[in-house]
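# Secondary and tertiary structure notes
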Amino acid sequence: MNVQRRLLPNTAALAAFEAVARLGSFTAAARELDLTQGAVSRQINLLEEQFGRRLFERDSRNVRLSAAGETYAEAVRSALGQLRDAALGLMSNRHSGVLNLAILPTFGTRWLMPLIPDFVARHPDITINFATRIGRFDFARERLDAAIHHGMPDWPDAESTLLMRETVMPVVSPEFLATRAVVAASDISRLPLLHMATRPGAWSEWFEHQGLEAPTGPGMQFEQFGTVAQACMAGLGVALLPEILIAGELQRRQLVPAPGTPMQSRSAYYLVVPHDKRGHPPVASFRDWLLGQIGKEPAVLAW
């Protein structure tokens, strides 16, 4: 086998390897790939023979990646992802018009998605691929062109365009409020508080805004605002939520304001674009359209 062939295994073997590495099971990988377990095993054996390295450690019960397999698996995932993206772009004949966008789960579903049909109508030549991300990530490694991010405009090696600031307010279910003596903001400190894992200081900031000392006791913690809102509607406690994301619940009175004044968050929503994607036409089109929906002039901050 010449060197070139040895370095380029067939994609079927790579797909089998990636599935076993991800699922930790030959049986599960075979089910996902619609192959027999024996066929998956043969593909892995071919790879190991080709490279002369053991990719998995096997025993009677488990299969796990070897040290060499761990390193190789990361590269294979990236390569297969690039091949998949290239194929999608080729089949749609719009590769130059693809925007890979990271969105926040609740903001994306509740605020952005209802507006996206307008963007599609205005830019039929651009295909948007959505990925859900919470917090920062490596744009190059994730193969993403831009992100809608909540926080501060300090993303390294990127340009942050201010989209909007947000106002947060304490809310409860009507049934929860009816069974408790809550008439002032100070009363909230005695109630169970629901926390967002990505905003650990939000309640402390709100109590400070009211001129009150924040309670130090523990409370339930959640990763997404949608889940917090559901927990709040179920009567599990008081949640501090952005008005823009719970407009429907407030209108339907599934949630009602608790005592205390709303507060503008120190952080805000930004469109973040890595420096090497600033000239990507779909990014520019999406940015201009997004600012038009919000009705504001761009305020761009580079970091």
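Residues numbered from 1 in each chain as written. Predicted model: local features only at pLDDT ≥ 70, side-chain atom pairs only at ≥ 80, totals over all residues. Heavy atoms only, no water.

This part is about the overall build of the protein. Summing up its helical and strand segments, the protein has 13 helices and 12 strands in all. Its C-alpha atoms give the protein principal-axis dimensions of about 80 × 50 × 35 Å. A total of 303 residues make up the protein; the buried ones form 44% of that total. In the protein, the proportion of contacts linking residues at least 24 apart, taken out of those at least 6 apart, comes to 75%. Summing over all exposed atoms, the protein offers an accessible surface of approximately 16,400 Å²; the carbon and sulfur share of this is 52%. Of the side chains in the protein, 30 bear a positive and 30 a negative charge, and the two mean positions are spaced by 5 Å. (Helix = DSSP H or I, 4+ residues; strand = E, 2+ residues; numbered from the N terminus. Buried < 20%, exposed > 50% of the residue type's maximum accessible area, 1.4 Å probe, protein only. Contact = heavy atoms within 4.5 Å. Areas by Shrake-Rupley, 256 points an atom, 1.4 Å probe, with all protein chains shown as cover. Lys, Arg positive; Asp, Glu negative; His and termini not counted. Charge placed at Lys NZ, Arg CZ, Asp CG, Glu CD.)

A separate point is the nonpolar core. If you look at the biggest cluster of nonpolar residues, it comprises 39 residues, and the most contacted ones within it are Leu101, Leu112, Leu241 and Phe286. Take this core: its biggest share by element is 6 residues, from helix α11 (residues 225–233). In contact with Leu112, other than residues within four places in its own chain, are Leu101, Ile103, Phe107, Phe130, Ile148, Phe286, Trp289 and Leu290. Ala13, Leu14, Phe17 and Leu80 belong to the second-largest nonpolar core, a separate cluster that totals 20 residues. (Core = buried A, V, L, I, M, F, W, Y, C linked by side-chain atoms within 4.5 Å.)

We now examine the environment of Pro9. Along the chain, Pro9 falls in the loop between α1 (3–6) and α2 (11–23). Residue class for Pro9 comes out buried when judged on its relative accessible area of 13%. Sequence separation between Pro9 and Gln50 is 41 residues, and the spatial gap between their C-alpha atoms is 7.9 Å. When residues no more than four places from it in sequence are discounted, the contact partners of Pro9 are Leu14, Leu47, Gln50, Phe51 and Tyr72.

Distances and angles like these do not, on their own, reveal function.
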